[in-house]
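Single-letter residue listing:
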Amino acid sequence: MKKIGVLFITQAAVIAAMYVVLTFVSSSLGLASGEIQIRLSEMLCVLPAFTPAAIPGLFLGCLLSNLLTGCTVIDIVFGSLATLVAAVISYQLRNHKYPLLVTIPPVIVNMIVVPFILKFSYGVPLPIPVMMGTVGIGEMISCVVLGTVLYFALDKRRVIFHQS
């Protein structure tokens, strides 16, 4: 079993902190909750392409964000687990011939999970398929559009995530 080092823990902590800060920015702009969510923090979901530390970093960042922004227990648990599942799948796709496939798992996982959270935890009256569409649109903007910009900005500087 590979030993988890200080660099890994530091990277995970910084990613979690960035996720929380970006969620608060999105929340202050009125973008981070509701049927259409554009969490700027979701662009960080490309980071598993660069470091495995992004997996716990994104999970903890989402968990803390949901705790600190007053989400329901169901949202805290299942929203964070959705982020964890998406990060693991994205990490598995990191060496794919089409590297931007890492942006797709968060979109699909959140399209499936978040509408049920909205319906059963917040009582949003829209039909589940409609919410799948609205959540998907927000995730496409956050993960695919903004995530792609972040991916190309970081891809030129891979040394940032050097594993020792």
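Scoring rules and cut-offs
Residue positions are given per chain, counting from 1 as you read along its sequence in written order. Residues qualify for local features only when their pLDDT is at least 70, as the model is predicted, and side-chain atom pairs are given and counted only at 80 or more; totals for whole chains, interfaces and linings, by contrast, use all residues. Processing note: side-chain calculations cover all non-hydrogen atoms of the structure and skip hydrogens and water entirely. UniProt positions are given in the numbering used here, feature names are shortened, and annotations may be inferred rather than shown by experiment. A run of DSSP states H or I qualifies as a helix once it reaches four residues; a run of E qualifies as a strand once it reaches two. Both are numbered from the N-terminal end. Any Phe, Tyr or Trp ring, taking Trp's six-membered ring, that has another such ring centre within 6.5 Å forms a pair; planes under 30 degrees apart are called stacked, those over 60 apart edge-to-face, and the others tilted. Categorising residues by exposure relies on relative accessible area from a 1.4 Å probe, with only protein chains included: less than 20% of the type maximum marks a residue as buried, more than 50% marks it as exposed, and the intermediate range marks it as partly exposed. Residues belong to a common nonpolar core when they are buried Ala, Val, Leu, Ile, Met, Phe, Trp, Tyr or Cys residues joined through side-chain atoms within 4.5 Å.

Caption draft 1: Fine view of the UniProt feature "transmembrane region" (unreviewed entry) in the protein. Here, the residues flagged by UniProt with the feature "transmembrane region" (unreviewed entry) are residues 6–32, 44–67, 73–91, 98–118 and 130–154. Taken end to end, residues 73–91 has its terminal C-alpha atoms 27 Å apart, with 100% of it in helix and 0% in strand.

Caption draft 2: Main features of the packing of aromatic side chains. Applying the stated criterion across every chain, the model contains 3 aromatic pairs. Judged by centre distance (5.2 Å) and plane angle (45 degrees), the ring pair of Phe 50 and Tyr 151 falls under tilted. Here Phe 50 is found in the loop between helix H1 (6–28) and helix H2 (54–68), whereas its partner Tyr 151 is found in helix H5 (residues 128–155), with 101 residues between them in sequence. In this pair, the class of Phe 50 matches that of Tyr 151, namely buried.

Caption draft 3: Seen up close, the nonpolar core. Counting 23 residues, the largest nonpolar core has Leu 44, Leu 47, Phe 50, Leu 58 and Leu 150 as the members making the most contacts within it. Put simply, the parts of the chain that give this core at least two residues each are H1, H2, helix H3 (73–92) and H5. Take this core: its biggest share by element is 5 residues, from H5. With 6 residues, the next largest nonpolar core counts Val 114, Val 124, Ile 128 and Val 135 among its residues.

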